[in-house]
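The lines below spell out each chain.
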Amino acid sequence: MGRNAFTKNVPEHTFATLNKESSYTRLAISPGVINKHYTPAQLQKIAEIVGEDGAIKYSASYYLLISVPTEKRLEICQQLEDVGLYIAQQGAVVDMKACDFCDGEKMEAAAITEALYKTFVGQAVRNRLRLNVNGCASACYNAMYDDIGLVYQQDSFDVYVGAIPMGRHAQAGKLFAKNVSVENIEAFLQEMLHIYNEFARENEPFHRFFKRTKAEAFWANLRVSHMD
Ligand code: SF4
């Protein structure tokens with residue numbers, strides 16, 4: 001037991017070393033936003049696509065990062081989607097994380113999570129922004145450590161903002177609004193993103209923007225306007 005814990009601390013193939021030889025694109029893939037289980041067929045397809053010489057790495061955002069030759073990117077994306085894999089959009093857009101809803105046993109918030117995904121994921125924002133939805137107060141997928149964390153309980157969400165996900169000042173977000181109803185959460189987030197896009201500086205991360213503006217009236221107005 002444990003004999004391989006440190007046998008290969010420096011990987012042979014990384015995204016950086018591959019790109020010295022040729023042009024590679026990195027894809028972030030997963031079995032879905034909620035589902036965290038890969039099938040053998042999906043793993044076989046990933047292995048086939050990456051081959052002996054490519055790079056596969058897991059990330060802190062529940063994705064596998066794989067290197068693919070840039071000129072074959074579109075064709076490979078199609079193959080990955082054909083085996084049911086999800087490919088995250090890159091860049092300054094809204095990305096979504098979610099818990100696994102106890103592997104499908106606590107699905108009360110799944111439908112609204114999917115609705116929020118359809119509305120927000122891929123929406124252009126000042127800087128990449130992660131929305132993390134957790135299906136109960138246990139919040140075991142760390143919703144409060146992402147830009148906007150939603151914690152579901154009894155037909156409503158507690159909304160956390162301002163988390164600093166990494167660095168020496170890393171910290172959890174603070175509770176921004178309590179019990180925003182399922183009916184209101186989409187409009188609530190829409191307004192939050194509108195404020196961010198309207199008043200943030202170019203490329204300003206959400207947590208920095210929130211820290212700089214948290215005393216502004218627009219945040220107080222947002223809280224009040226969506227109280228039930
Ligand atoms: S946050 Fe709650 S619903 Fe989601 S996986 Fe954890 S315990 Fe299950």
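Going by the structure above, here's the rest.
Residues numbered from 1 in each chain as written. Predicted model: local features only at pLDDT ≥ 70, side-chain atom pairs only at ≥ 80, totals over all residues. Heavy atoms only, no water.

J.: Please set out the sheet that holds strand 8 (residues 156-161) residue by residue, giving values where relevant.
T.: Pairing is mixed across the open sheet formed by 5 strands, whose spatial order is 5-6-7-8-9. Only two strands of the sheet have a single neighbouring strand rather than two, namely strand 5 (94-98) and strand 9 (174-181). For this sheet, the mean angle separating the axes of adjacent strands, direction not counted, is 20 degrees. Pairing analysis gives 6 bridges linking strand 7 (residues 148-153) to strand 8, with the strands arranged antiparallel. Pairing of Gly149 across the sheet is with Tyr160, part of strand 8. Docked against the sheet, helix 6 (residues 182-199) engages strand 5, strand 6 (129-134), strand 7, strand 8 and strand 9, running at close to 140 degrees with respect to strand 9. (Pairing = 2+ DSSP bridges. Helix = DSSP H or I, 4+ residues; strand = E, 2+ residues; numbered from the N terminus. Axes fitted to C-alpha atoms, helices over the stretch in contact; angles between N-to-C directions. Contact = heavy atoms within 4.5 Å.)

J.: For the packing of helix 6 against helix 7 (residues 206-213), give the residues involved together with the corresponding values.
T.: Two numbers describe how helix 6 lies on helix 7: the axes approach to 11 Å, and their chain directions differ by 85 degrees. Classified by the angle their axes make, helix 6 and helix 7 are roughly perpendicular. Judged by residue contacts, Met192, Ile195, Tyr196 and Phe199 of helix 6 engage Phe206, Phe209 and Arg212 from helix 7. (Parallel < 35°, antiparallel > 145°, perpendicular 65-115°, else oblique.)

J.: Requested: an account of the pattern of salt bridges, with residues and values cited.
T.: Side-chain pairs of opposite charge can arise where the charged atoms are in close proximity. Counted by the stated rule, this structure contains 9 salt bridges. Residues Lys97 and Asp146 are paired through a salt bridge, measuring 3.1 Å at the closest nitrogen-oxygen approach. Pair noted here: Lys97 is in strand 5 and Asp146 is in the loop between strand 6 and strand 7, with a separation of 49 residues, a long-range link. Of the two residues examined, Lys97 and Asp146, each falls in the buried class. Notably, a salt bridge pairs Lys118 with Glu114, separated by 3.3 Å at the nearest N-O pair. Here Glu114 and Lys118 lie together in helix 5 (residues 110-120), a separation of 4 residues that amounts to about one turn. Overall, Lys118 belongs to the exposed group, its relative accessible area being 62%. Members of the salt-bridge network, linked through shared partners, are Asp95, Arg128 and Arg130. (Salt bridge = Lys/Arg side-chain N within 4 Å of Asp/Glu carboxyl O. Buried < 20%, exposed > 50% of the residue type's maximum accessible area, 1.4 Å probe, protein only.)

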